[in-house]
Amino acid sequence: MLRDALGETVTEHYAKVSLKKTFETRGLLVTGPSRTGKSTEISRQLSELNNGSTLMPDGRPAKFVSVVLKGHMTWKDLGLHTLNAGLGYPAARMTCRDAWDAVEFQAEGQGVVGIHYDECQHMFSKHNPTANAIILDSFKALLKQINWPIMLILSGIDELADYVAQEEQLNHLLRPIAFGEIAVRKSEDRDELAALCFGFADRANISFVNLHTEDFYRRLAFASVDRWGLAIELIIDAMKIARQANQSEVTIDDFSLAYSHSTGGSIDFSPFVIEDYEAAFDGRKIIEMIEKTKRK
């Protein structure tokens, strides 16, 4: 869904640019619970888009940049952060207007047609609707710039959609994409897990076929606490482990070791190898172990 939506947005942008008339571009609003794979999937799609094969009418490759918000920012802060972290332009002391003028100038000069703002909910406050309204209107203005309209991807947890909905025009210009948790009982989600496993195995030039069972996908979803992002991390780590061991195929032990890396637990005690794993493990404890390991 994300790939199709991004492709349609870029295609529409290309068509409007070709007309050489003033236009407003569009973007995506990607939301979902923490660790459902939003950032990973967006990064993967933008990496494919930025490979140089997508050309804009002026002949330059289309390019998206990503900017991660670490905490609450004012609109001026975001402009400076976009220049430094997204566009590679050193900026420290500027007025708000100068910062955003520089963003437009640098984006046009570098051929940047879109910006992905991750963890975008940090821009908003439940206690300052006036400031929220200014930020929402400013995002809308980026889509409507006369000289260089910038496509936006705003991603974050579900509450981000509630903030965006407060600005009718912005809400209309951003296509919503919702990331949910893995529902392994659904054939569509099992098929998606299979596609991810086979896809990453192909990249690593490793066979996955022996693990292609419903039982394995149920164990993978459980070990990932039904979070797409955690599942992707486990898959990638298991493929790396198998690759580093010069194996021709990935094994259940590789996934168990990947689980051990992420939680700090024993390789011999994981949802991949314990028979009655659903009774032996608590999803909340798995999340706590993963967060504790990441902090280390």
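Please refer to the structure higher up on the page.
What you see is a predicted model; the values in this text were computed from it and never measured.

Enquirer: Please explain the sheet that holds strand S4 (residues 151-156) as it appears in this structure.
Expert: Strand pairing in a sheet takes place through backbone hydrogen bonds and is either antiparallel or parallel in direction. Reading across the sheet, the 5 strands line up as S2-S3-S4-S1-S5 and stay open at both edges, with parallel pairing between neighbours. One side of each edge strand has no neighbouring strand; the edge strands of this open sheet are strand S2 (63-68) and strand S5 (174-178). Strand after strand, the sheet turns through a mean of 15 degrees between neighbouring axes, direction not considered. Across 4 bridges, strand S3 (residues 112-118) lies against S4 in parallel orientation. The residue of S4 that forms the bridge with Gly114 is Met151. Contacting strand S1 (27-31), S2, S3 and S4, helix H2 (residues 38-49) runs over the sheet at an angle of about 155 degrees to S4.

Enquirer: I'm lost on helix H5 (residues 129-143) in this one. Help?
Expert: Residues spaced three or four apart along an α-helix face the same direction, because each turn holds 3.6 residues. For H5, with 15 residues, the first-to-last C-alpha span of 22 Å sits near the 21 Å given by 1.5 Å per residue. Restricting attention to buried positions, one finds in H5 the residues Asn132, Ile135, Leu136, Ser138, Phe139, Lys140, Leu142 and Leu143.

Enquirer: Before we go on, may I ask you to explain the nonpolar core in this structure?
Expert: Nonpolar side chains in soluble globular proteins generally cluster together in the buried interior. Counting residues in each nonpolar core, the largest one holds 55 residues, and the members touching the most others are Tyr117, Phe139 and Leu154. Discounting chain neighbours no more than four positions away, the residues touching Phe139 are Trp75, Leu78, Tyr117, Cys120, Phe124, Leu152, Leu154 and Leu170. Ala194, Tyr217, Ala221 and Met239 belong to the second largest nonpolar core, which has 38 residues in total.

So, how was this worked out
- Residues numbered from 1 in each chain as written.
- Predicted model: local features only at pLDDT ≥ 70, side-chain atom pairs only at ≥ 80, totals over all residues.
- Heavy atoms only, no water.
- Pairing = 2+ DSSP bridges.
- Helix = DSSP H or I, 4+ residues; strand = E, 2+ residues; numbered from the N terminus.
- Axes fitted to C-alpha atoms, helices over the stretch in contact; angles between N-to-C directions.
- Contact = heavy atoms within 4.5 Å.
- Expected span 1.5 Å × (residues − 1).
- Buried < 20%, exposed > 50% of the residue type's maximum accessible area, 1.4 Å probe, protein only.
- Core = buried A, V, L, I, M, F, W, Y, C linked by side-chain atoms within 4.5 Å.

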